[in-house]
Amino acid sequence: ADPVFPQPPLDPDLLELSGKASNSVTIVNVPNPGTFTLNGVRIHACTQDVLRHLSAAEAAREDTASKGPGSDRMSRLASHLPGQRCAYPLFPPAPGA
């Protein structure tokens, strides 16, 4: 299979978006994964379902009987992402990624 990640930003001419946006609307095409700033908040986004792949690659799971502050599975998985410095923190990548 050919690699398709990362992807460059889409060409607005290819999408026929040039000149169609009104003066009050700005359309910005970003790469995938992409980082952009919205109202002073930096946002990093990608189309890969990283949490699903992290869940499948999890080596140890927390005991479901403990209902402490760290018992939310999605929060625990998401807590791994901020320090990674990459959009897809698993190597090798999951099949189909």
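Higher on the page you've got the structure.
Just so it is clear, the model here is predicted, and its values are computed rather than measured. (Residues numbered from 1 in each chain as written. Predicted model: local features only at pLDDT ≥ 70, side-chain atom pairs only at ≥ 80, totals over all residues. Heavy atoms only, no water.)

## Quick look at the overall build of the protein
Stated formally: Helix and strand definitions follow DSSP, with helices as H or I runs of at least four residues and strands as E runs of at least two, each counted in order from the N terminus. Relative accessibility thresholds used throughout: buried, under 20% of the residue-type maximum; exposed, over 50%; partly exposed, between the two (1.4 Å probe, protein chains only). Residue exposure ignores everything except the shown protein chains as possible cover, and the areas themselves are Shrake-Rupley values with a 1.4 Å probe.
Broken down by element type, the protein carries two helices and two strands. Helices (α) and strands (β) of the protein occur, in sequence order from the N terminus, as β-β-α-α. A burial count over the protein gives 15% of its 97 residues as buried. Counting only carbon and sulfur atoms, one obtains 57% of the accessible surface of the protein, whose full area is about 7900 Å².

## Here we look at unusual backbone geometry
Geometrically, the link from Asn32 to Pro33 is a cis peptide bond, its omega value of 0° lying close to zero. Topologically, Pro33 is positioned in the segment before β1 (34–38).

## A look at the pattern of salt bridges
Note the threshold: Every case where a carboxyl oxygen of Asp or Glu lies within 4 Å of a side-chain nitrogen of Lys or Arg is listed as a salt bridge.
A full pass over the atoms with the stated rule returns one salt bridge. Put simply, Asp49 and Arg52 hold a salt bridge, and the shortest N to O gap is 3.5 Å. Of the residues examined, Asp49 reaches a relative accessible area of 38% and is grouped as partly exposed. We classify Arg52 as exposed; its relative accessible area is 52%.

## What to know about the side chain of Asn32
So the rule is basically this: Two N or O atoms count as a polar contact when they lie within 3.5 Å, although within protein this holds only if one can serve as hydrogen donor and the other as acceptor, and sequence-adjacent residues are included solely when both atoms are side-chain atoms. Pairs of residues are marked as contacts when any of their non-hydrogen atoms sit within 4.5 Å.
Within the element layout of this structure, Asn32 appears in the segment before β1. Residue Asn32 is classed as buried on the basis of its relative accessible area, which comes to 9%. At a separation of 2.9 Å, a polar atom in the side chain of Asn32 contacts the side chain of Thr47. Discounting residues that sit within four places of it in the chain, Asn32 has contacts with Phe5, Pro6, Gln7, Ala45, Cys46 and Thr47.

## Points about the pairing of β1
Selection criterion: Paired strands are those between which DSSP finds at least two bridges.
Relative to strand β2 (residues 41–45), β1 runs antiparallel, the two sharing five bridges. Paired with Thr35 across the strands is His44, a residue of β2.

## What about the nonpolar core?
Our working rule: As used in this record, nonpolar core signifies buried Ala, Val, Leu, Ile, Met, Phe, Trp, Tyr and Cys residues forming a set joined through side-chain atoms within 4.5 Å.
Of all hydrophobic cores here, the largest spans six residues; its members are Val50, Leu54, Leu77, Tyr88, Leu90 and Ala94. Among residues more than four places away in sequence, those in contact with Ala94 are His53 and Tyr88.

## Observations concerning helix α1 (residues 50–57)
Those residues of α1 not exposed but buried are Val50, His53, Leu54 and Ser55. Residues of α1 that are buried make contact with α2 (73–78).

Geometry only, nothing functional implied.
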